[in-house]
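# Structural description and commentary
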Amino acid sequence: MALPVLPLVLGTAAAGLAAVFGYRYLQSGGGVPEFLPFGDPLSTFAKAEGIDPRLLASVIQVESAGVPLIQGRPVIRVEVHRLERTAAKLGKSAELARVFSRSSAPGQPWTGHQFEGEPLHQRAGEGMASAQRREYRALQAAADILGDEAYESASYGLGQIMGSNYALAGEPSAKAMLESAKKGKNAQIRHMLTFIKNDKNGRTLGALQAANVPLFVQYYNGAKVGTDKNKRYTRKIFEGMQ
């Protein structure tokens, strides 16, 4: 069954002048309703590539709650299972294990991450500012052990682009991507859109252009089509577009 998506007013300073006309069914192959770009990276990219801007905006909401900076720094998430791979390659697994650990569920290495014996990621009822201070302490601790390669094991900014994808995001290194993301919203959106355009030889962008949200989620997030994780992420995107 096709899911109806309501018309959008773009959330920019000139929002009162913008309107999306028409009514779109994401799964019926209908065209993208017209909208007025304002020169910001998101709406300009959407217009040029034939993408419903609500899709892009909803992905940002899912990934980072739309928060560009907290205390002057972009939202990050340190991935312990990725740090473990780098530590093994560098022969520093024992050093890393003194600070980081995991109690991951079977087949879910992204869960159960711990830093200094406590849960690493944002806890129930905890504010983002407190959680982000811990994430940055963890990133610095990882860099102290693994050097700049540690920055490749965290995701950054509004689109939560993994540091290992720095080249696809248009940056010379993961650390440089973090520094660029500190400039704020537009820099972070540029990273996300550049990654989408370059990833998988254009297939990630193509999935968005076709409004094939489950396939886009597989490419962007890694959750395979048909899995519960993919379904949850896809549902959140649809909900964010209402």
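Residues numbered from 1 in each chain as written. Predicted model: local features only at pLDDT ≥ 70, side-chain atom pairs only at ≥ 80, totals over all residues. Heavy atoms only, no water.

### Quick notes on the overall build of the protein
Rule in force here: What counts as a helix is a DSSP run of H or I of at least four residues, what counts as a strand is a run of E of at least two, and both are numbered from the N terminus. Accessibility here uses a 1.4 Å probe with only protein chains present; expressed as a share of the type maximum, an area under 20% marks a residue as buried, one over 50% as exposed, and anything in between as partly exposed. In this analysis, two residues are considered to be in contact whenever any of their non-hydrogen atoms come within 4.5 Å of each other. Using a 1.4 Å probe, the Shrake-Rupley method yields the accessible areas, and only the shown protein chains count as cover for residues.
Helix and strand counts for the protein stand at ten helices and eight strands. Counting every position in the protein, which comprises 242 residues, the buried fraction comes to 42%. Within the protein, contacts between residues at least 6 apart in sequence are counted, and of these 52% link residues at least 24 apart. Put simply, the protein shows about 11600 Å² of open surface, and 52% of that area lies on carbon and sulfur atoms.

### Thoughts on the pattern of salt bridges
Defined as follows: By convention in these notes, a salt bridge is any Lys or Arg side-chain nitrogen within 4 Å of a carboxyl oxygen on Asp or Glu.
Summed over all chains, the structure comprises ten salt bridges. Residues E126 and R134 are paired through a salt bridge, measuring 2.8 Å at the closest nitrogen-oxygen approach. Residue classification places E126 among the buried positions, given a relative accessible area of 16%. When the shortest N-O distance is used, the salt bridge between D199 and K200 registers 3.3 Å. Given the relative accessible area of 5%, D199 is considered buried.

### Side note on the nonpolar core
Which entries qualify depends on this criterion: Buried residues of nine kinds, namely Ala, Val, Leu, Ile, Met, Phe, Trp, Tyr and Cys, make up a nonpolar core once their side-chain atoms join them within 4.5 Å.
L56, F100, I196 and Y220 are the most contacted members of the largest nonpolar core, which has 54 residues in total. Considering every element that reaches this core, the biggest residue donor is helix 5 (residues 128-146), with eight residues. The residues touching F100, leaving out its near neighbours within four places in the chain, are V80, L83, Q114, F115, A138, A141 and A142.

### Points about helix 9 (residues 213-221)
Threshold: We call two N or O atoms a polar contact when they sit within 3.5 Å, provided that within protein one can donate a hydrogen and the other can accept it, with sequence-adjacent residues counted only if both atoms are side-chain atoms.
For helix 9, every residue scored as buried is listed here: V213, F216, V217, Y219 and Y220. Those residues of helix 9 hidden inside the fold are in contact with helix 2 (53-64), strand 8 (161-162), helix 7 (185-198), helix 8 (203-209) and helix 10 (228-240). One side-chain oxygen of the residue at the start of helix 9 lies 3.2 Å from the amide nitrogen of L215, identifying that residue as N212. Downstream of helix 9 by a residue or two, G222 has a phi angle that is positive, lying close to 95 degrees.

### Remarks on the sheet that holds strand 8
Condition: Between any two strands, at least two bridges found by DSSP are needed for them to pair. Orientation is described by axes fitted as lines to C-alpha atoms, over the contacting stretch for helices, and by angles from 0 to 180 degrees between their N-to-C directions.
Read across the sheet, three strands follow the order 3-7-8 without closing on themselves; strand pairing throughout is antiparallel. This sheet does not close on itself; its edge strands, each paired only once, are strand 3 (76-78) and strand 8. Judged from the three bridges that link them, strand 3 and strand 7 (residues 154-156) form a sheet pairing that is antiparallel. Counterpart to I76 in the pairing with strand 7 is Y156. Taken strand by strand, helix 5 contacts strand 3 and strand 7, and its axis lies near 50 degrees from that of strand 3.

### Quick look at the packing of aromatic side chains
Just so we agree on the cut-off: Only Phe, Tyr and Trp rings are paired, with Trp represented by its six-membered ring, and only when their centres lie within 6.5 Å; those with planes under 30 degrees apart are stacked, over 60 edge-to-face, the remainder tilted.
Taken as a whole, this structure holds three aromatic pairs when the rule is applied. Centre to centre, the rings of F100 and F115 are 5.2 Å apart; their planes meet at 35 degrees, and the pair counts as tilted. With F100 in strand 4 (residues 100-102) and F115 in strand 5 (residues 113-115), this pair connects stretches of sequence that are 15 residues apart. Neither F100 nor F115 differs from the other in exposure class; each is buried.

### Here's the deal with the packing of helix 1 (residues 41-49) against helix 7
Formally: Oblique is the label for every angle not falling under 35 degrees (roughly parallel), over 145 degrees (roughly antiparallel), or within 65 to 115 degrees (roughly perpendicular).
The geometry of helix 1 relative to helix 7 is characterised by a closest axis approach of 9 Å and an angle of 25 degrees between their N-to-C directions. Relative to helix 7, the element helix 1 is oriented roughly parallel. Contacts from P41, L42, F45 and E49 in helix 1 reach N186, I189, L193 and K197 in helix 7.

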